[in-house]
Amino acid sequence: MEPISNRYDFVFYFDVENGNPNGDPDAGNMPRMDAETGIGIVSDVCLKRRVRNYVDLTREGSEGFRIYVQEGAVLNERHEEAYKDRGIKPSKSLPKGDKAQEVTQFMCDNFYDIRTFGAVMTTDVNCGQVRGPVQLCFSQSVEPIMPAEMCITRMAATKRNEKKENKTMGRKEYVPYGLYRLEGFVSASLAGKSGFTQKDLELLWEALMNMFEHDRSASRGLMTSRMLYVFKHDSKLGNAPAHKLFDLVTAKRVADDHTPARQFKDYEIVVDEGALPDGVSLETYDYIAPTA
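Just so it is clear, the structure is predicted and the values come from calculations on it, not from any experiment.

About the thresholds
- Residues numbered from 1 in each chain as written.
- Predicted model: local features only at pLDDT ≥ 70, side-chain atom pairs only at ≥ 80, totals over all residues.
- Heavy atoms only, no water.
- Helix = DSSP H or I, 4+ residues; strand = E, 2+ residues; numbered from the N terminus.
- Buried < 20%, exposed > 50% of the residue type's maximum accessible area, 1.4 Å probe, protein only.
- Contact = heavy atoms within 4.5 Å.
- Expected span 1.5 Å × (residues − 1).
- Salt bridge = Lys/Arg side-chain N within 4 Å of Asp/Glu carboxyl O.
- Core = buried A, V, L, I, M, F, W, Y, C linked by side-chain atoms within 4.5 Å.
- Phe/Tyr/Trp six-rings, centres within 6.5 Å; stacked < 30°, edge-to-face > 60°.
- Pairing = 2+ DSSP bridges.

Asker: Lay out the overall build of the protein in plain terms, naming residues and giving numbers.
Answerer: Of regular secondary structure, the protein possesses seven helices and 14 strands. Its C-alpha atoms give the protein principal-axis dimensions of roughly 65 × 65 × 35 Å. Here the protein holds 292 residues, and the buried ones make up 44% of them. Counting contacts in the protein only where the partners sit at least 6 residues apart, residues at least 24 apart contribute 72% of the total.

As structure tokens, this is what we get:
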């Protein structure tokens, strides 16, 4: 299948209820936020991890859909696969001539996250670098969040000689409710270099709309993919600046009664489709059925 030939920009909304969408280990695992505005933040790395997990779950064993950045993976061993496939001795320096491109292309062909997000593979077994066609910004909450924490206890003892009254204290950090917005980009030019295809693109949309369904934990509360707005350009380089397209999608409170939002119904997402530039079309998703 050929790489995509159209540029895409997208806006993705998700929310959290009584959970921690992305804790900061340098701040006691409190939900990340802008200290000056109180706007909540979820890092791009956090969401890429969830996309990787979804692809690994639904495409396990499928050729070309392995995951490169994975818990327990030894990256040098994965790089050695490329050298072995090309009959080259592993090296800290890229091989000369066409062989350099061949080992890098092997990694793109076999690992979904490399041809999607890119990778720096200049370790002791060098497979080069790949600029990924899909890039994500930090997600930001639509309104300021109010991080909270509660005290929790444990009824069981760790050691037999502990007193029964010893109930270990702990803390749990969470956001009562937050609606977050992610903005992202898909470059057709970079897709041509990594081999990112239409099939890969459709899997990306599917992963965004389903990744929280298979990532449940008590610490993350209820996280839900809400809406995905995909702007498709008629050309490879694009027909309008991304920021002008993003400005067409806004989330507003349904009733401004100065009470904190506590559910998705408290917001209305408005899209000014009449202002779409020539050469750009819009696709809207509130659900994409999982595939395997």
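Asker: An account of helix α1 (residues 44-58) is needed here, citing residue identities and associated values.
Answerer: Think of an α-helix as turning once every 3.6 residues; residues three or four places apart then point the same way. If you check α1, its first and last C-alpha atoms are 21 Å apart, about what 15 residues at 1.5 Å a residue would give, namely 21 Å. The set of residues buried in α1 consists of D44, C46, L47, K48, R50, V51, R52, Y54, V55 and T58.

Asker: Please set out the pattern of salt bridges residue by residue, giving values where relevant.
Answerer: Oppositely charged side chains may form a pair once their charged atoms are brought near each other. For the coordinates displayed, the defined rule picks out 18 salt bridges. Between R86 and E102 there is a salt bridge, and its shortest N-O distance comes to 3.6 Å. Of this pair, R86 sits in the loop between α2 (75-85) and α3 (98-110) while E102 sits in helix α3; the two residues are 16 residues apart in sequence, bridging distant segments of the chain. Residues E213 and R216 are paired through a salt bridge, measuring 3.1 Å at the closest nitrogen-oxygen approach. Of the residues examined, R216 reaches a relative accessible area of 41% and is grouped as partly exposed. Each member of the salt-bridge network shares a partner with another, and the members are D85, R86, K99 and E102.

Asker: I'd love a proper account of the nonpolar core, names of residues and values included.
Answerer: Formed by 38 residues in total, the largest nonpolar core has its most connected members in F10, F12, V186, W205 and L208. When contributions to this core are tallied by element, the ones reaching two or more residues are β1 (8-19), α1, α4 (112-117), β7 (134-136), β10 (169-186), α6 (198-210) and β11 (222-233). If you tally residues by element for this core, the top one is α6, at seven residues. With residues near it in sequence (within four places) discarded, L208 still touches F10, F12, V51, S225 and L228. With 19 residues, the next largest nonpolar core counts L248, A261, Y267 and L282 among its residues.

Asker: So, the packing of aromatic side chains: which residues are in play, and what are the values?
Answerer: Within the structure shown, the criterion is met by 10 aromatic pairs. Aromatic pair Y68 and F111: ring centres 5.9 Å apart, planes at 75°, arrangement edge-to-face. With Y68 in the loop between α1 and α2 and F111 in the loop between α3 and α4, the pair connects residues that are 43 residues apart, well separated along the chain. Grouping residues by exposure puts Y68 and F111 together as buried. A connected cluster of aromatic rings, assembled from ring pairs, spans F12, F14, Y180 and F212.

Asker: Hey, could you go over the environment of D272 for me, with residue numbers and the actual values?
Answerer: Along the chain, D272 turns up in the loop between β13 (267-271) and β14 (280-285). For the pair D272 and L245, spaced 27 residues apart in sequence, the C-alpha to C-alpha distance is 9.5 Å.

Asker: Describe the pairing of β10, and please don't skip the residues or the numbers.
Answerer: Relative to β10, β1 runs antiparallel, the two being bridged by 11 bridges. Paired with D9 across the two strands is F185, which belongs to β10. Bridge analysis of strand β8 (residues 139-144) against β10 gives two bridges, and the strand direction is antiparallel. Within the sheet, the bridge partner assigned to Q140 lies in β10 and is R181.

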